Amino acid sequence: MLSRRKLFTFINLSGLVLGLGSFLLLFSYVASEWTYNDFHVNKDNIYRVILISGAHEPEIYLPPGYASVLEEQFADIKTVSTLANQIAGGLIIIPETNQSFKENQVVYVDGDFFRSFSFPIQSGTVDLTQPNTTVISSNLAKKLFGNTNGIGKTIQISNQFGKTEYTIVGVLEDIPDRSDITGEMFLSFQTLENPANRNGNDWADPNGIDSGFVNQFVTLNDGVSKNGVEELITQFIRQNPEAKDETAVLQPLSEIHLGNSLSDPLPTQGSMGKVLVFAAIALMILVIAYVNYLNLSAANILTRIKEIRMRKVLGAGRWQLAQQFMMETLLLMVLAVGFAAVLVNLLEIPFESLLGQPLWYDAFWLPVFWFVIIAILGVCTMLSGIYVVVLSGKFGHQFQINFQPNESQFLKKSLVTLQFAISVTIIVGTLAIRDQLNFMQNQNLGMDISQKLVVEGPNELGENGSSKVTAFKSFLRSQSFVEKLGTSNALPGVSYNFFASGITPMVPRPEDKDKSYGMLIMDEAFTGTYGISLKAGREFLPEEATQGWGQSKKLMLNEKAALGLGFESAEAAVGQQILWGDPYEVVAVINDYHHMSLKEEIMPMVFLPAQASGYFSLVVKRDQMKENLESIKEIYEEIFPGNPFTYFFMDERYAAQYQQEQQLGQSFLVGGMIAIFISCMGLFALAAYSVQQKAKEIGIRKILGASSESLIQLVSKEFVLLVAIALLLAFPLSWWALDAWQSGFPYKAGISVGTFILAGGLTLVIALLTVGSQALKAAWANPVKSLRSE
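Starting afresh in each chain, residues are numbered from 1 along the sequence in its written order. Side-chain atom pairs in this predicted model are given and counted only at pLDDT of 80 or more, local residue features only at pLDDT of at least 70, and totals for whole chains, interfaces and linings cover all residues. Side-chain numbers come from the whole structure's heavy atoms, not from hydrogens or water.

Chemist: Would you explain the overall build of the chain in this entry?
Modeler: Secondary structure elements follow DSSP: runs of H or I no shorter than four residues count as helices, runs of E no shorter than two count as strands, and numbering proceeds from the N terminus. Of regular secondary structure, the chain possesses 24 helices and 24 strands. Here's how the labels work: a residue is buried when its accessible area is under 20% of the maximum for its type, exposed when over 50%, partly exposed in between, all with a 1.4 Å probe on protein chains only. Scored against the burial criterion, the 790 residues of the chain give a buried share of 51%. Long-range pairs, those at least 24 residues apart, make up 78% of the contacts in the chain between residues at least 6 apart in sequence. In this description, accessible areas are obtained by the Shrake-Rupley approach with a 1.4 Å probe, and a residue is regarded as covered only by the protein chains that are shown. Carbon and sulfur atoms make up 57% of the accessible area of the chain, which amounts to about 36000 Å² in all. Throughout, a contact is declared for two residues whenever any of their heavy atoms are within 4.5 Å.

Chemist: What is the right way to read the pattern of salt bridges from this model?
Modeler: Pairing between side chains becomes possible if they bear opposite charge and their charged atoms approach one another. When a carboxyl oxygen of Asp or Glu lies within 4 Å of a side-chain nitrogen of Lys or Arg, that pair is called a salt bridge. Under the defined criterion, the tally for this structure stands at 20 salt bridges. In this structure, lysine 553 and aspartate 582 form a salt bridge, with 3.0 Å as the shortest nitrogen-oxygen distance. You can see lysine 553 sitting in the loop between helix H15 (549-552) and strand S19 (554-558) and its partner aspartate 582 sitting in strand S21 (residues 582-590), a full 29 residues away along the chain. What you see here is one network of salt bridges that share partners, running through Arg198, Asp202 and Asp205.

Chemist: For this particular structure, what's the right way to read empty space enclosed by the protein?
Modeler: Empty space among the atoms becomes apparent when a probe as large as a water molecule is rolled across them. Only protein atoms enter the calculation, which uses a 1 Å grid: trapped sets of points that fit a 1.4 Å probe without letting it out are cavities, open sets showing protein on both sides within 12 Å along at least five of seven lines are pockets, and any residue with an atom within 4 Å of a point is a lining residue. Grid points are joined across faces, edges and corners, and a volume is the space filled by probe spheres set on the points. Taken as a whole, this structure holds 2 cavities of 30 Å³ or more when the rule is applied. The computed volume of the largest cavity comes to approximately 70 Å³. Taken together, Tyr496, Tyr593, His594, His595, Met596, Ser597, Glu600, Glu601, Ile602, Met603 and Met605 form the lining of the largest cavity. Charged means Asp, Glu, Lys or Arg here, nonpolar means Ala, Val, Leu, Ile, Met, Phe, Trp, Tyr, Cys or Pro, and polar covers whatever is left, Gly included. Taken together, the residues that form the lining of the largest cavity break down as 6 nonpolar, 3 polar and 2 charged.

Chemist: Explanation requested: unusual backbone geometry in the structure shown.
Modeler: Where the residue is not glycine, phi is negative for most of them; where a peptide bond is considered, it is trans in most cases. Of note, the phi angle at asparagine 98 is positive, near 65°, even though the residue is not glycine. Looking at the secondary structure, you find asparagine 98 in the loop between strand S3 (90-94) and strand S4 (99-103). Residue asparagine 98 is classed as exposed on the basis of its relative accessible area of 63%. Backbone geometry places glutamine 624, a non-glycine residue, at a positive phi of 55°. Accessibility expressed as a relative area gives 55% for glutamine 624, which makes it exposed.

Chemist: Could you clarify how one ought to interpret a negative patch on the surface in this entry?
Modeler: Patches here are clusters of residues that have more than 30% relative accessible area and form no salt bridge, with a 9 Å joining cutoff for like charges and a 5 Å cutoff for nonpolar side chains (Val, Leu, Ile, Met, Phe, Trp, Tyr). Neither His nor the chain termini are counted; the positive set is Lys and Arg, and the negative set is Asp and Glu. To locate a charge, the coordinates of NZ of Lys, CZ of Arg, CG of Asp or CD of Glu are taken. On the surface, Glu627, Glu630, Glu634, Glu637 and Glu638 cluster together to form a negatively charged patch. Here glutamate 630 shows up in helix H18 (residues 625-639). Glutamate 630 gets classed as partly exposed once you look at its relative accessible area, which sits at 48%.

Chemist: Before we go on, may I ask you to explain the pairing of strand S8 (residues 154-159) in this structure?
Modeler: As a general feature of sheets, a regular strand has side chains that alternate between the two faces. Of all 6 residues in S8, 5 are buried, a share of seventy percent or more. In this scheme, strands are said to pair when DSSP sees at least two bridges between them. Relative to S8, S3 runs antiparallel, the two sharing 3 bridges. Bridged to isoleucine 93 within S8 is glutamine 156. With 6 bridges connecting them, S8 and strand S9 (residues 162-172) associate as antiparallel partners. Residue serine 158 lies in a different strand from S9, and its bridge partner there is lysine 163. Two successive antiparallel strands, S8 and S9, enclose a turn made up of 2 residues.

Chemist: Whenever I open this one, helix H12 (residues 465-478) confuses me. Can you help?
Modeler: One less than the number of residues in a helix, times 1.5 Å, gives the span that helix is expected to have. With 14 residues, H12 should reach 20 Å at 1.5 Å per residue; the first-to-last C-alpha distance of 20 Å fits that figure. Along H12, the positions that sit buried rather than exposed are Gly465, Val469, Phe472, Lys473, Phe475 and Leu476. One face of H12 carries all of its buried residues, which in axial projection span an arc of 160°. Residues of H12 that are exposed and point over 90 degrees away from its buried face: Ser466 and Ser478. Looking at the buried positions of H12, the neighbouring elements they touch are strand S14 (482-488), strand S23 (615-620) and H18. What the arc describes is the spread of directions from the helix axis to the C-beta atoms.

Chemist: I tried to follow the confidence of the model for the chain on my own but got confused; where do I start?
Modeler: For any part of a model where pLDDT is low, the fine detail of the predicted coordinates should not be relied upon. Each residue gets a pLDDT score, which is the predictor's confidence in that residue and runs from 0 to 100. In the predicted model, the chain carries a mean pLDDT of 86, and the fraction of residues at 70 or more is 88%. The weakest mean pLDDT in the chain belongs to helix H24 (residues 783-789) at 55; the strongest belongs to S19 at 97. Below pLDDT 50 for its whole length, residues 394-405 participates in 28 contacts with residues either more than four positions away or in separate chains.

Chemist: Could you clarify how one ought to interpret the environment of cysteine 380 in this entry?
Modeler: With respect to the helices and strands, cysteine 380 occurs in helix H10 (residues 367-392). Taking the relative accessible area as the measure of exposure, cysteine 380 reaches 9% and is therefore buried. Separated by 47 residues in sequence, cysteine 380 and methionine 333 place their C-alpha atoms 8.3 Å apart. Beyond its immediate chain neighbours, meaning those up to four positions away, cysteine 380 contacts Tyr290, Thr329 and Met333.

Chemist: Help me understand the nonpolar core in this model?
Modeler: Nonpolar side chains in soluble globular proteins tend to end up buried together. Residue types Ala, Val, Leu, Ile, Met, Phe, Trp, Tyr and Cys, when buried and joined through side-chain atoms within 4.5 Å, form a set referred to as a nonpolar core. Core analysis: the largest hydrophobic core is formed by 52 residues, its most contacted members being Phe23, Leu24, Tyr29, Phe278 and Met333. Of all the secondary structure elements, the ones that give two or more residues to this core are helix H1 (6-34), helix H6 (272-300), helix H8 (318-346), helix H9 (348-355), H10, helix H11 (406-442) and helix H20 (659-693).

Chemist: What exactly am I supposed to notice about the packing of H12 against H18 here?
Modeler: Working note: a packed helix pair is described by the angle between its axes plus the distance between those axes. Orientation is described by lines fitted to C-alpha atoms, with helices fitted over the stretch in contact, and by angles between N-to-C directions that extend from 0 to 180 degrees. Two numbers describe how H12 lies on H18: the axes approach to 10 Å, and their chain directions differ by 165°. Taken as axis vectors, H12 and H18 run roughly antiparallel relative to one another. Two packed elements cross with a definite hand, and for H12 against H18 that hand is right-handed. When H12 is examined against H18, the residues Lys468, Ala471, Phe472, Phe475 and Leu476 are found in contact with a partner set consisting of Ser631, Ile632, Ile635, Tyr636 and Ile639. Of the residues that constitute the contact of H12 with H18, the class distribution is 8 nonpolar, 1 polar and 1 charged. Working rule for angles: under 35 degrees goes down as roughly parallel, over 145 as roughly antiparallel, 65 to 115 as roughly perpendicular, anything else as oblique. Should the near helix be turned anticlockwise from the far one by less than a right angle, the crossing is termed left-handed; should it be turned clockwise, right-handed.

Here it is, written out as structure tokens:
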């Protein structure tokens, strides 16, 4: 029967393929996010240690010395694993060939780290208990040594801790994409126990208890309750009179990526809200596709009344009639699943580009996937049979042969309304995400990031490093295309240098104990280079930057830090001293600016003077950029041999902070287009059936002198009314969802009435164009032909 109704079959199959294809793609993404970190053998016993102090934000970066305390004091803890993932990046040097590579995915881990975390091993050992040992990924091994794995070879790492030799003892298989713990090189943390390997950075002592810069994971013994261990650790901590309000929390490894709920206050690597949104889009598109199928099936019954009556005369019961429709539905659904699988394969690259991560094919082998697919096939098949029987007659003692279309109008109209309500909701979401993104990207940042070329500083300075940095800066300032130059060890939109607490007024107050400040190391020209203005005071002097903050005892504050330290105004803070171990003089207060994206509140900041060499920020002229970059590269490689020349533009790097919102907006746009397209396919077919049903009425009206406009209105008004009702239903739901979504942003664009007007207008126009094509066809048709066919 399907082959005799080719148009009906094609439209239905196309809608189902689009709906199921979208569902499969998004199922892969959702399943991938939901199963992060599940490949570790001990996953059910591993927890991340988090400390919460009073009303402050949970702290995941702890002093490394806590590890030995946890292992010694608590028998229920089997092992403690330490990970320092933000301090080790630098230059990898191969002494044999004198080649060097810049690598940021370098982390320090304790010796038994890989006993707790079961990353796949390609060769060698993963025992890092000995200092100056390292384990690398197979990807890095190939990059460094080609076809040999490199085990037993010695390499050098040049980073903030100086140049240190490491021996490669093992090679890992590439770490799965579904891992929150990533890295290309894992260095033995024990290496830093030797002060000679810390380059004066004694805060990085693996046994230190003052500076928090590591993640710590505990593996509990089998059968041990995490709640009991949390309570014991908390009681132990509170024995210190200064830690009476601190609480220890153990976050399960399975919850590190998404958390345990939308309201989970603990830090996560991913976003449960984003995952649930994509899951909702997948379900909504699938519902639209299936509703589309139901409506077309209902309309198709108009052409099969004779068949239904004949089968009834021959003795067919109501469920026997339903079985044919159910078999047709099942066949179409199975075909649609097959074609959708092909579509998924074809769309793999666009999908990865859209969501920024690879398609996880293993999701399609999960038991839950097959359960969902079988459930979809079964439920859709059953509903189709029930729906068609309802439309074909009445549920009573006897099945009615006569088809009464009025009895099914409410159900069909409701389904059309549901389709467009879902489509409108997705369109409103698309426009609102665009508004929020535009708002954040176009706000005054309090600084100027345009025309900023950033050259990454060298990791390996060698001898006379300070003189080399000065020579490179002198060269840059001598170039006509360089208008300004400033250096720093961190950048806006990238990071702070570190976070510090214990900064107080000269007379400390109880509330100062737990305040945290973002620290930025910079030279005397950095603020001028970025157009960051001073509220009061003066810039750092060149000699203060040369001396460094430790010797000059000078620093700057931003407005938020000054107010937080109790100063009544910026002017009142200038010239005063504050305590950070030693007294420091405040030489200026900087106007608050958005150091990080508008997804974060401006935090209190402290600016420290130094002749920094981490980043060279240049204000440049745009013309002849390629030639200018070549000249910079040439002198850079001459002054800093062995250091790769890398650069980026600050506006692009700053905008990258909004990648998640951009991906969300693009996904909503694609989802909205698919939803509208599927809905319009069904609307087009329903309009065609409506015109066919009203052919005689239209012919009579036209013979009696009705205008084309009135005939178009006759065909279109019913569908336009349904779309209007859909708008009224979708708008309140969309408003509520958007308000909840925007509540997560400290700086909000607000919800614009114009967003709803635009979404409603677009939907109405699309619906009118879809229905109008059939209405015009009916209005221009020869009435004699339609009456003769009747």
